[in-house]
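One letter stands for each residue in the lines below.
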Amino acid sequence: MAYLLRRLLHGALVLVGVSVLSFLFVQLAPGEFFSDMRLNPQVSPETIRHLRAQYGLDRALPIRYVRWARSVAKGDWGYSFAYGLPVSKLIWSRARNTLLLTITSALLAWLISIPLGIYAAERRDRWGDRVTVAGSSALLTVPDLLLALALLILAIRTNAFAAGGMTSPDFAELGTVAKIKDVAAHFTLPLAALVLGTLPIFFRHVRAGMIEALALPSIQSARAHGIPRSRILFRYALPAAANSLISLFGFSIATLLSASLLVEVVMSWPGLGPMLLEAILARDLYVVIGAVMLSTFFLVAGNLVADVLLYLSDPRIRRGPA
Amino acid sequence: MEPLLEVRDLHVDYLSDGMPPAQVLRGVSFTVSKNEAVGILGESGCGKSTLALAILRLLPSRSRLKGAIFYKSRELTNLPEREMEKLRGAEVSLIFQDAGSSLHPTLRVGTQIADVAAAHHKDWSARQRREGAEAILKEVGFDQVERIYASYPHQLSGGQQQRIAVAQALISGPSLLIADEPTSSLDTTVQAEILALLKRLRREHSLALVFVSHNPAVLAEMADRILVVYAGQIVEEGSAQQVLNSPLHPFALALLRCVPKDVRHNGPDRLLSAIPGSPPDPAETPAGCPFAPRCAERMDVCGSRMPSETRPEPDRKVRCFKYGG
Amino acid sequence: MVTTEPVIRVQGLRKTYVHERPFSREKFVVRALDGIDLVISAGSSFALVGESGSGKSTLALCMARLEQPGEGRIWFEGQDLFRLSGPELMRVRRHIQLIFQGTAAALNPRFSAEEIIIEPLRIQSVGTRTEQRDRAVHLMEKVGLPPVWLSRRPHQFSGGQRQRLAIARALALEPRLLILDEAFTGLDLSIQAQMVALLRDLQSRENLTYVFISHDLSLMAHVADEIAIFDRGRIVEQGQPSRLFSNPCQPETRALLEAIPGRRSVLGLGQS
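Residues numbered from 1 in each chain as written. Chains lettered and ligands numbered in written order. Predicted model: local features only at pLDDT ≥ 70, side-chain atom pairs only at ≥ 80, totals over all residues. Heavy atoms only, no water.

A.B. asks: A description of the overall build of chain C should follow, citing residues and the corresponding values.
C.D. replies: Scanning chain C from terminus to terminus reveals 9 helices and 10 strands. In terms of C-alpha radius of gyration, chain C reaches 20 Å, essentially the compact-globule figure of 19 Å for 272 residues. Each principal axis of the C-alpha distribution contributes one length, and for chain C these read about 55 × 55 × 50 Å. Here chain C, with 272 residues, has 52% of them falling under the buried criterion. Nonlocal contacts in chain C, meaning residues at least 24 apart in sequence, comprise 63% of its contacts between residues at least 6 apart. Summed over its atoms, the accessible surface of chain C is roughly 12600 Å², and 47% of this surface lies on carbon and sulfur atoms. For chain C, the centre of its 34 positive side-chain charges and the centre of its 30 negative side-chain charges are spaced 3 Å apart. (Helix = DSSP H or I, 4+ residues; strand = E, 2+ residues; numbered from the N terminus. Rg over C-alpha atoms; globule rule 2.2 N^0.38 Å. Buried < 20%, exposed > 50% of the residue type's maximum accessible area, 1.4 Å probe, protein only. Contact = heavy atoms within 4.5 Å. Areas by Shrake-Rupley, 256 points an atom, 1.4 Å probe, with all protein chains shown as cover. Lys, Arg positive; Asp, Glu negative; His and termini not counted. Charge placed at Lys NZ, Arg CZ, Asp CG, Glu CD.)

As structure tokens, this is what we get:
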């Protein structure tokens, strides 16, 4: 238990640290939300000063940080200048869409890469292995952006998938089953882009981990005792490779999240990505900070889940010495 | 009588990219009879562990095997992997040097023993497997069987871990046990316990034993017959008595002089005498006898030709020009 | 060269470890050292022999001042080890070197032999770059390795040669006391015998004192002048090897003698 509490505390500290840093970095960027207004002759400097005071932008940085922290405690996470809404309300609906995309693609990518990696590791240097490794290398060299664009073109050419957005224009009029179908159709393309983008990385890790595990003395010894191949692969070698894969799993949530933001922008998926881009361009500072905090939270949570999994899977962590 | 195991002209090469293959075994032939204990003596890197792995066809994928291995008259080198799986553990078992790393770290030791039973007795129920595992734990000398069954390897001492490895090796009733330096990483007192255990189990299970070691003193305890291996070849073969008391090959003699002797002997041979130099690189093919550069009795012929095997006495073989090779 | 001051004098050394288990209030107290007194004279070879877990390694760590005892004192050449600090301590540290089991296997694979050997000199800023290089050449010769191999990396050496390299590094700072903690364990007999010969040769040429830590009584009988049998944190018996072998007084000594492989076999082991 002490182990998990320590991890939890660690995660909380990371969040606080990131909030401070992101506050500082956002200040470093030139200009602010009201800069553009200054160019507008119709807005008097008086009005701008008034607006800045209203949002507290005229205060010193530490005071703004404390105010923001208080607003976090209230559950508002600051105010969006552009929308005039609490950041939390703004982000939540978007975050749901992003999470849907990220988690599904993470699960799918792992679900494909684990058996594929095991298959390749078991047939190391033979045909099946060479083909999958070559395929994954090719996929790895394609930038995520290009992959997303290629899929988009494919979708438009073939008309097989709905491209862009999350729902069709007539979504509100559809029945429940049709609604799900509609979302799924829009879902396929960004999902495919994300899965194809991360699959080669996961696959390579699984393969490398399994090759290493299969060479372990404990696996050799299990083979020497005649334990069947399939049981060795799944019951002996996979758990032996698991520690590094679990750590990667925690990390993968964060990587997928950043990949997801890009794919969302390209495919206009109504997630955090397009909103974050818009907020950065408009210097809508609290929205940017909110999005950064949310990503950090996912990263910390992913790692925490990984720690729990490690704790459960490895008796050496769980029990300590006899 | 038909031998239990016969190895005939076995060659093993390890392959690596852009390098000449390492010839780890260069034509090894020997037999093991039922109930017989054969000791394999050699320095590390001489190929003796490879020999143990080759018999069970557990060599790494980047290797090449030539020659024939017969177990109960069945040729093993071309047996399908499925058939090998059935043979491993049930007919021929292997225990490794470092039990700490040969046990799986995240599975309970009881499960690991029961898994071996499950692999060879498909009809056993979970309860039968557990009972079988507990019975064998008792046999290898554990009292608190249930506590041990539920332990993880890291909770056990080195000697206990090696007992678990022995239990795994024996639960499916093999006829041949191959032990690769099973006591080298243990304390002397624990080593003595494990050797005594293996001796008792050998008798009780009428096992044949192939015992691989770098230590002639350990083989003096365990072996009926000894093969001395140098640079992938058997350079001397004879009964334990013959090889240990009156070695023929200069390498065997030199190795025996490295054994710390009882200090109460105060003769000149009380001191350890070291073998100069190191074993040859298996990637290089020596022109003459591979031991020649380190040999105290080197002759001119040794550097130019490989000696062949001769039989200076009945039941004894040696590969050295001193004996007409 | 005979000095009256012993290299090591240990008096009343005690050390206990307390283990706490997670989820349990139970505490396990292990007496690693339970009142140790001993004297090791300069130029001698002293062996501490016992089973693993008997506390002998803790004593070695205390002698190298890598571990603080709970009670008792250790004098190195007359200086109280645990009262030293600053430059005095640095000087004494140079004179005490440790070689562990696996030291040779753990040499940095990215370093050349030269870098490995002169690393202690660099850390202690001893000598100029040229002097360090000369010293490396000299040390290679001393341990019987050709100096032209200084540019090689550890993987290009055989197991026995790596052991020599580890010894060369330990000798770089010209220690007066070399502690070898299970340094022979896991080595082939042939390499073991080479190491014994090398260590003996080095001792005959310089005023080196060895403390061996081992579980192998038969080997220790060949390298040590004096053997202390260790059991549960205490020295149960101490004496010259031939005396211990011919007339063991304690059951622990007898058990260690009994465990020597091949001892009771009728085979003469090469005494042809």
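A.B. asks: Which residues make up the interface of chain C and chain B, and what are the values?
C.D. replies: Listed by partner, the interface residues are 38 residues for chain C and 42 residues for chain B. Across the interface of chain C and chain B, roughly 3400 Å² is buried in total on both sides, 59% from carbon and sulfur atoms. On the surface where chain C and chain B come into contact, there are 0 salt bridges. Our count for the chain C to chain B interface comes out at 12 residue pairs in polar contact (both at pLDDT 80 or more). At the level of elements, α6 (189–205), α7 (217–223), α8 (241–246) and α9 (251–258) of chain C are the ones that each hand at least two residues to the side of chain C that touches chain B. The greatest single-element share of the side of chain C that touches chain B, amounting to 6 residues, is contributed by α6(C). Partitioning the side of chain C that touches chain B into residue classes produces 16 nonpolar, 17 polar and 5 charged. (Buried area = accessible area lost by both parts, 1.4 Å probe. Salt bridge = Lys/Arg side-chain N within 4 Å of Asp/Glu carboxyl O. Polar contact = N/O pair within 3.5 Å; in protein donor to acceptor, adjacent residues only side chain to side chain. Nonpolar A, V, L, I, M, F, W, Y, C, P; charged D, E, K, R; others polar.)

A.B. asks: Now, about the interface of chain A and chain B: what can you tell me, with residues and values included?
C.D. replies: By a widespread convention, an interface's size corresponds to the accessible area lost as its parts come together. Listed by partner, the interface residues are 28 residues for chain A and 32 residues for chain B. Together chain A and chain B conceal approximately 2500 Å² of surface at their shared face, both sides included; 52% is due to carbon and sulfur atoms. By the criterion of area lost to chain B, the three top residues of chain A are A:R223, A:H225 and A:Y236, representing 24% of everything that side buries. The partner of B:D115 in a salt bridge is A:R231, and the shortest N-O contact between them spans 2.8 Å. Linking chain A to chain B there are 10 residue pairs in polar contact (both at pLDDT 80 or more). Those elements giving two or more residues to the side of chain A that touches chain B turn out to be α9 (217–224), α10 (229–267) and α13 (315–319) of chain A. Of all the elements, α9(A) adds the most residues to the side of chain A that touches chain B, at 7 residues. Classifying every residue of the side of chain A that touches chain B gives 11 nonpolar, 7 polar and 10 charged.

A.B. asks: Outline helix α4 (residues 129–142) of chain C, listing residues and values.
C.D. replies: Every α-helix winds through 3.6 residues per turn, so residues three or four apart in the chain are directed the same way. Residues and elements named next belong to chain C. Taking 1.5 Å as the rise per residue, α4 with 14 residues should run 20 Å; its terminal C-alpha atoms sit 20 Å apart, in good agreement. Restricting attention to buried positions, one finds in α4 the residues Q132, R135, A136, L139, M140 and K142. Each buried residue of α4 lies within a common arc of 155° when the element is viewed along its axis, so the set occupies one face. When the buried face of α4 is taken as reference, the exposed residues oriented beyond 90 degrees from it are T130 and D134. Structurally, α4 contributes buried residues whose contacts are with α3 (113–123), α5 (159–171) and α6. G144 occupies a position one or two residues after α4 and carries a positive phi of about 80°. (Expected span 1.5 Å × (residues − 1). Arc of directions from axis to C-beta.)

A.B. asks: Please give an account of the packing of α3(C) against α4(C) that cites residues and values.
C.D. replies: Residues and elements named next belong to chain C. Direction vectors running N to C along α3 and α4 enclose 125°, while the axes themselves pass 9 Å from each other. In terms of axis orientation, α3 runs oblique to α4. In terms of crossing hand, the pair formed by α3 and α4 is right-handed. Residue-level contacts link E114, I117, I118, L121 and R122 of α3 to R129, Q132, R133, R135, A136, L139 and M140 of α4. Residues of the contact of α3 with α4, tallied by class, amount to 6 nonpolar, 1 polar and 5 charged. (Axes fitted to C-alpha atoms, helices over the stretch in contact; angles between N-to-C directions. Parallel < 35°, antiparallel > 145°, perpendicular 65-115°, else oblique. Left-handed = near helix turned anticlockwise from the far one by under 90°.)

A.B. asks: Break down a nonpolar patch on the surface for me, citing the residues and quoting the values.
C.D. replies: Residues and elements named next belong to chain A. Taken together, V16, V20, L21, L24, F25 and L28 make up a surface patch of nonpolar side chains, about 570 Å² in accessible area. Mapped onto the elements of the fold, V20 is located in helix α1 (residues 2–28). In this structure V20 comes out as partly exposed when scored by relative accessible area, which is 34%. (Patch = residues over 30% accessible without salt bridge, like charges linked within 9 Å, V, L, I, M, F, W, Y side chains within 5 Å.)

A.B. asks: So, the sheet that holds strand β9 (residues 226–231) of chain C: which residues are in play, and what are the values?
C.D. replies: Residues and elements named next belong to chain C. Here 6 strands make up an open sheet; going across it, the order is β6-β7-β8-β3-β9-β10 and the pairing mixed. Strand pairing shows two members of the sheet lacking a second neighbour, β6 (96–100) and β10 (234–239), which therefore form its edges. When strand polarity is set aside, the average angle formed by the axes of neighbouring strands in this sheet is 20°. Of the strand pairs in this sheet, strand β3 (residues 45–49) and strand β8 (residues 209–214) are connected by 5 bridges, and their pairing is parallel. What sits directly across from L48, in β8, is I213. Helix α1 (residues 56–63) rests against β3, β6, β7 (177–181), β8 and β9 of the sheet, and its axis sits at about 150° to β8. (Pairing = 2+ DSSP bridges.)

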